Amino acid sequence: MTEPILSVRDLKKHYPLKAGLLNRQVGAAKAVDGISFDIYPGETLGLVGESGCGKSTAATSIMHLEEPTAGEVIFNGGGRAGTSRNEDGTHPNDVTRFNKTELKSFRRDAQMIFQDPASSFNPRMPVGDAVAELLLVHGMSDRHRRRVIVEDLLERVGLSATDYDRYPHEFSGGQKQRIALARALVLNPDFIVADEPVSALDVSIKAEVLKLINDLQEEFGLSMLFISHDMSVIAKVCDRVAVMYLGEIVEIGDTDTIFESPQHPYSEALLSAIPTPDPRNRSQGIELTGEVPDPSNPPSGCRFHTRCHRVIQPEEFDLGAEEWRNVLHLRDQVAIDALELDSIRENALADRDKEETEIPDSVIKSQIRDEFDVPETLTDPALDETLGEALDYLVDEDVETATKTLKETFQTPCETEVPEHVDHGDGHRSACLRNGSEHERVELAADD
């Protein structure tokens, strides 16, 4: 089998959090927390997820623009088991261990395209010189030869050779991104990391740049890591896709397979956000409730469970999926004392007769249920009784007992069990408890 051009193994990037007069470390923000994947020659792997999930940090760590906390990035050296290693167990082609000379050689073969090309161009330098600068750094002293190469590249990316002497401010956003493409290609690299290269562009310009990227990849035989938050962009460019959430890869596989049959709820949610041109389709997509967790204190168990629309309920419970999700959201908000009872009372009073000065507890409890889309009566009578007791404590401002009552009853396996990656065949893997045999059987029975 063809060896990967890039193998990422258990890559981590944690940022220390410091506090106090002595500036001691009190924790770490786990921006990237143990991701692994391969990219093969001529392939484009998409890395997709919401802003803040760790995509760009993964990119800068792979390119060694930042020092990774742990893990390996093996480039052009075979990342598979059995590849020879050094006596100390390290891999000779591990980018994270390269010295300055080795890094310079690596960056001749691996380039990066940034989200905002304008910020990476010197406003006082003609764009042609900015592109040619890489040739000079890597030993090409002949100025005329550098100019010929850059002019040819400018034409290949859809600009003119005469643009060589123009300055960055004279170009539109789409044109600057084309110049950034030319700069990434000027050393004839084998591998490119494209970090949100079209997110700042208008729709029509975005389509042109994406087509250009596809054409250039075929022409130059490039391998690419393409980073985006937009699944519709991933569909146009990528052969495979890795879905990232809160520093972890939760699903990876062929793009067509994941688009047709996503196996992780987060992938489902991202796909549901793709707009459709059909005016008859009024679907609003999947709404993710709950709080986005802090990467310095990620949730236990499955990191997505605080927002998951398919969060698992115990086998003995009998609630609808949305009903269960909303109850958990209510529980979590009570636990962090995020409910503003005074505001709820004021709003309830505003909706009542002006002569009333007090609102019955039953009305307050109804308002709380409404705020979280929890029905007035849960489909499971025993659970409804427990919820009612917790709300009684809450309106009496006994938040501690209300929290305890809710947490003792409303628990999900997703909070305590860390999901392992399950292989669905043909390289398609996902990390969700629903795909484990025990919980899969429970969910199928509930769906029936």
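Since this is a predicted model, take the numbers as computed values, not measurements.

Reading guide: rules and limits
- Residues numbered from 1 in each chain as written.
- Predicted model: local features only at pLDDT ≥ 70, side-chain atom pairs only at ≥ 80, totals over all residues.
- Heavy atoms only, no water.
- Helix = DSSP H or I, 4+ residues; strand = E, 2+ residues; numbered from the N terminus.
- Buried < 20%, exposed > 50% of the residue type's maximum accessible area, 1.4 Å probe, protein only.
- Areas by Shrake-Rupley, 256 points an atom, 1.4 Å probe, with all protein chains shown as cover.
- Lys, Arg positive; Asp, Glu negative; His and termini not counted.
- Charge placed at Lys NZ, Arg CZ, Asp CG, Glu CD.
- Pairing = 2+ DSSP bridges.
- Salt bridge = Lys/Arg side-chain N within 4 Å of Asp/Glu carboxyl O.
- Axes fitted to C-alpha atoms, helices over the stretch in contact; angles between N-to-C directions.
- Contact = heavy atoms within 4.5 Å.
- Core = buried A, V, L, I, M, F, W, Y, C linked by side-chain atoms within 4.5 Å.
- 1 Å grid on protein atoms, 1.4 Å probe; cavity = no way out; pocket = protein on both sides within 12 Å on 5 of 7 lines; lining within 4 Å.
- Points joined across faces, edges and corners; volume = space filled by probe spheres on them.
- Nonpolar A, V, L, I, M, F, W, Y, C, P; charged D, E, K, R; others polar.
- Expected span 1.5 Å × (residues − 1).
- Arc of directions from axis to C-beta.

A. A look at the overall build of the protein. A count of helices and strands for the protein gives 15 helices and 11 strands. Seen through its principal axes, the protein has C-alpha atoms that stretch 85 × 60 × 55 Å. When each of the 448 residues of the protein is scored for burial, the buried share is 48%. A total accessible area of about 22700 Å² is found for the protein, and carbon and sulfur atoms account for 45% of it. Across the protein, the centroid of the 45 positively charged side chains sits 10 Å from that of the 84 negatively charged ones.

B. Just the pairing of strand E3 (residues 44-48), in detail. Of all 5 residues making up E3, 5 are buried, and the element is well covered by its neighbours. Of the two faces of E3, the one lined by Thr44, Gly46 and Val48 and the one lined by Leu45 and Leu47 are each fully buried. Where E3 meets strand E7 (residues 223-228), 5 bridges bridge the pair, whose relative direction is parallel. Across the sheet, the residue bridging to Gly46 is Phe226, located in E7. Bridging between E3 and strand E8 (residues 240-245) involves 4 bridges; their strand directions are parallel. The partner of Leu47 across the bridge, within E8, is Ala242.

C. Broad picture of the pattern of salt bridges. What the rule picks out here adds up to 20 salt bridges. In this structure, Arg97 engages Asp94 in a salt bridge whose closest nitrogen and oxygen atoms are separated by 3.7 Å. Note on Arg97: relative accessible area 55%, which makes it exposed. By relative accessible area, Asp94 is classed as buried at 1%. When salt bridges that share partners are traced, they join Asp33, Glu248 and Arg303 into one network.

D. A look at the sheet that holds strand E4 (residues 70-75). Read across the open sheet, the 3 strands follow the order E2-E1-E4; overall the sheet is antiparallel. Each of the sheet's edge strands pairs with one partner strand only, and the pair in question is strand E2 (24-39) and E4. Each strand axis lies, on average, 25° off the axis of its neighbour in the sheet, ignoring direction. The pairing of strand E1 (residues 6-19) with E4 spans 5 bridges and is antiparallel. Residue pairing across strands places Ser7 opposite Ile74, the latter belonging to E4. Sheet contacts for helix H1 (residues 55-62): E1, E2 and E4; angle to E1, the most-contacted strand, approximately 110°.

E. Expanded view of the nonpolar core. Membership of the largest hydrophobic core comes to 85 residues, with the highest contact counts inside it found for Phe226, Leu330, Ile368 and Phe410. The residues touching Phe410, leaving out its near neighbours within four places in the chain, are Phe317, Trp324, Val327, Leu328, Arg331, Leu383, Thr386, Leu387 and Glu415. Counting residues in hydrophobic clusters, the runner-up holds 31 residues, among them Leu11, Val73, Val95 and Ala110.

F. Representation of the sheet that holds strand E5 (residues 110-113) within the structure. Here 8 strands make up an open sheet; going across it, the order is E5-E6-E7-E3-E8-E9-E11-E10 and the pairing mixed. Each end of this open sheet is capped by a strand with a single partner; those strands are E5 and strand E10 (422-425). In this sheet, neighbouring strand axes are inclined to one another by 20° on average, regardless of whether the strands run parallel or antiparallel. Relative to strand E11 (residues 428-430), E10 runs antiparallel, the two sharing 3 bridges.

G. Local environment of H1. Buried residues dominate H1, accounting for 7 of its 8 residues. Looking at H1, one finds that the buried residues are Lys55, Thr57, Ala58, Ala59, Thr60, Ser61 and Ile62.

H. Inspection of the environment of Gly436 at higher detail. Here Gly436 is to be found in the loop between E11 and helix H15 (437-447). The class of Gly436 is partly exposed, set by a relative accessible area of 24%. In sequence terms Gly436 and His169 are 267 residues apart; their C-alpha atoms lie 55 Å from each other.

I. Local environment of empty space enclosed by the protein. For the structure shown, the criterion picks out 2 cavities of 30 Å³ or more. In this structure, the largest cavity encloses a volume near 50 Å³. What lines the largest cavity is His264, Pro265, Cys302, Phe304, Cys308, Arg310, Cys414, Cys432, Leu433 and Arg434. When its residues are assigned to classes, the lining of the largest cavity shows 7 nonpolar, 1 polar and 2 charged. Of the voids in this model, the second largest cavity is the one considered here, and its volume is about 40 Å³.

J. Molecular detail of helix H6 (residues 203-220). Its 18 residues place the ends of H6 26 Å apart at the C-alpha level, agreeing with the 26 Å of an ideal helix rising 1.5 Å per residue. Looking only at H6, the buried set comprises Lys206, Val209, Leu210, Leu212, Ile213, Leu216 and Gln217. Angularly, the buried residues of H6 cover 160° about the axis, an arc narrow enough to put them on a single face. Residues of H6 that are exposed and point over 90 degrees away from its buried face: Lys211 and Glu218. For H6, the elements touching its buried residues are E3, helix H4 (143-156), helix H5 (173-185), E7 and helix H7 (231-237). Positive backbone phi, approximately 65°, marks Gly221, located one or two places after H6.

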